[in-house]
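Analysis of the macromolecular model
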Amino acid sequence: MNISKRQEDILRIIVEEYAYTTEPISSKEIIHKYMSDLSSATIRNEMAYLEKIGLLEKTHTSSGRIPSIDGYKYYESNILKPKLSTNIKNRLEKIFAQRDISIDGVIDQSVSIINESLKLPSVITTEQSNELLKRFDLIQIDEHTALILLVTSSGAINKNTIHLNDNKQLDDISVCVRIFNDRLIDTTIKDVPQKIESIKEIIRSAVHEYEFCIRQIIEKIFDFNKIPTETKVHGTKWLTTQPEFQNIQHLNKVLAMLEDTNVWKHISYVQQKTGKTLITFGSEFGANELAIASTTITSKGSKHQLSIVGPTRMDYSQIKGLLEFIKTEVEKLNAK
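Residues numbered from 1 in each chain as written. Predicted model: local features only at pLDDT ≥ 70, side-chain atom pairs only at ≥ 80, totals over all residues. Heavy atoms only, no water.

Notes on the overall build of the protein chain
When you go through the protein chain residue by residue, the secondary structure sums to 12 helices and 10 strands. The C-alpha radius of gyration of the protein chain comes to 25 Å, more than 25% above the 20 Å expected for a compact globule of 336 residues. Once the C-alpha set of the protein chain is aligned to its principal axes, its extents read approximately 80 × 50 × 40 Å. Here the protein chain holds 336 residues, and the buried ones make up 47% of them. Sequence-distant contacts, at least 24 apart, represent 61% of the contacts inside the protein chain between residues at least 6 apart. Positive and negative charge centroids in the protein chain, built from 43 and 44 side chains respectively, lie 5 Å apart. (Helix = DSSP H or I, 4+ residues; strand = E, 2+ residues; numbered from the N terminus. Rg over C-alpha atoms; globule rule 2.2 N^0.38 Å. Buried < 20%, exposed > 50% of the residue type's maximum accessible area, 1.4 Å probe, protein only. Contact = heavy atoms within 4.5 Å. Lys, Arg positive; Asp, Glu negative; His and termini not counted. Charge placed at Lys NZ, Arg CZ, Asp CG, Glu CD.)

Quick notes on the nonpolar core
Grouped together as the largest cluster of nonpolar side chains are 51 residues, with contacts concentrated most on Ile 30, Phe 96, Tyr 316 and Ile 326. Looking at this core element by element, the count peaks at 8 residues for helix 12 (residues 316-335). Excluding residues that lie within four positions of it along the chain, Ile 30 makes contacts with Ile 10, Ile 13, Ile 14, Ile 25, Met 35, Ile 43 and Met 47. In terms of nonpolar packing, the next biggest core, distinct from the first, is built from 29 residues, Leu 133, Ile 148, Val 177 and Ile 203 among them. (Core = buried A, V, L, I, M, F, W, Y, C linked by side-chain atoms within 4.5 Å.)

Observations regarding the packing of aromatic side chains
This model, assessed by the stated rule, comprises 5 aromatic pairs. Ring plane angle 35° and centroid distance 6.2 Å describe the contact between Tyr 72 and Phe 281, whose orientation is recorded as tilted. Residue Tyr 72 is located in helix 4 (residues 69-79), and its partner Phe 281 is located in strand 8 (residues 278-281); the two are separated by 209 residues in the primary sequence. An aromatic cluster is built from Tyr 72, Phe 281 and Tyr 316, whose rings are joined through pairwise contacts. Sitting above the plane of the Tyr 210 ring, Arg 204 keeps its charged end 4.0 Å from the centroid. (Phe/Tyr/Trp six-rings, centres within 6.5 Å; stacked < 30°, edge-to-face > 60°. Lys NZ or Arg CZ within 6 Å of the ring centre and 35° of its normal.)

Topic: the environment of Ser 294
Looking at the secondary structure, you find Ser 294 in strand 9 (residues 290-299). For Ser 294, a relative accessible area of 0% translates into the label buried. Taking C-alpha positions, Ser 294 is 30 Å from Lys 195, a pair spaced 99 residues apart along the chain. What Ser 294 contacts, discounting residues up to four positions off in sequence, is Ile 267, Gln 271, Lys 276, Thr 277, Leu 278, Gln 305, Leu 306, Ser 307 and Leu 323.

This is a description of form; function is not addressed.
Here is the structure:
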């Protein structure tokens, strides 16, 4: 989408002003604070164009404009510049300078500063990729169905149903389970993909239907969307300070979404593909007027997904700067 530099400036002003005022932004405000050299008619024409192409919206209660979801997306992709206040940076650096706390402790203390300074809740999802594989079991249910159980060091059990066409396929499953127990026991989940590659040729030479084993056994059992995760929500009380969540029904809907692990798995999946700090809008999950900013912090044996949750009019520059700073500094600690 091509817009002029002036139109981009107006969109930026409206996004950033609306984050603080919670009121639609008028042409008079833009002239008074930012563009005194332009006429009100010129600003109104530019705002009307931005509304026409879907980047701004006009409310019924005011002549001003607010950003649309597409406007926020354009802002995030093309305009946003991460920033971090000196005060917050100094407070975080004191945490990172401590020598006697774990990475988990550093992240928890950082989250307390996020909640307090931004007046927004946050979510930490920890992927337990340091879990060990401890046992594989095969249970034949009937002539055409078998169950493979994968047991991890925490006692978690991953059940996978395999559908069979004949006894040869059952024999192949038995062979695979035996190889898994010989070769994969006490392997951490994060190391499994590499180990699997090393035993594929062993499986190929030992089974009747190699493609069946890859498709129906290996890909099913080692579905890494099923890696055990722990989700902790911090600071939900701050949602009630935001005008968008004063309605109790709306608030309850958002709180339910925060507890929905599928939301965090989806964000994690997208994030791992891009490797970037991600802004996800709640309209994707049926929670309008909500946005989630998140980043992934990799530490020894686990991954922490750190997310900040708030209304769509959040201060994305500060939030993105804060998340990227925490990610960089924590991963530096982890490398020491």
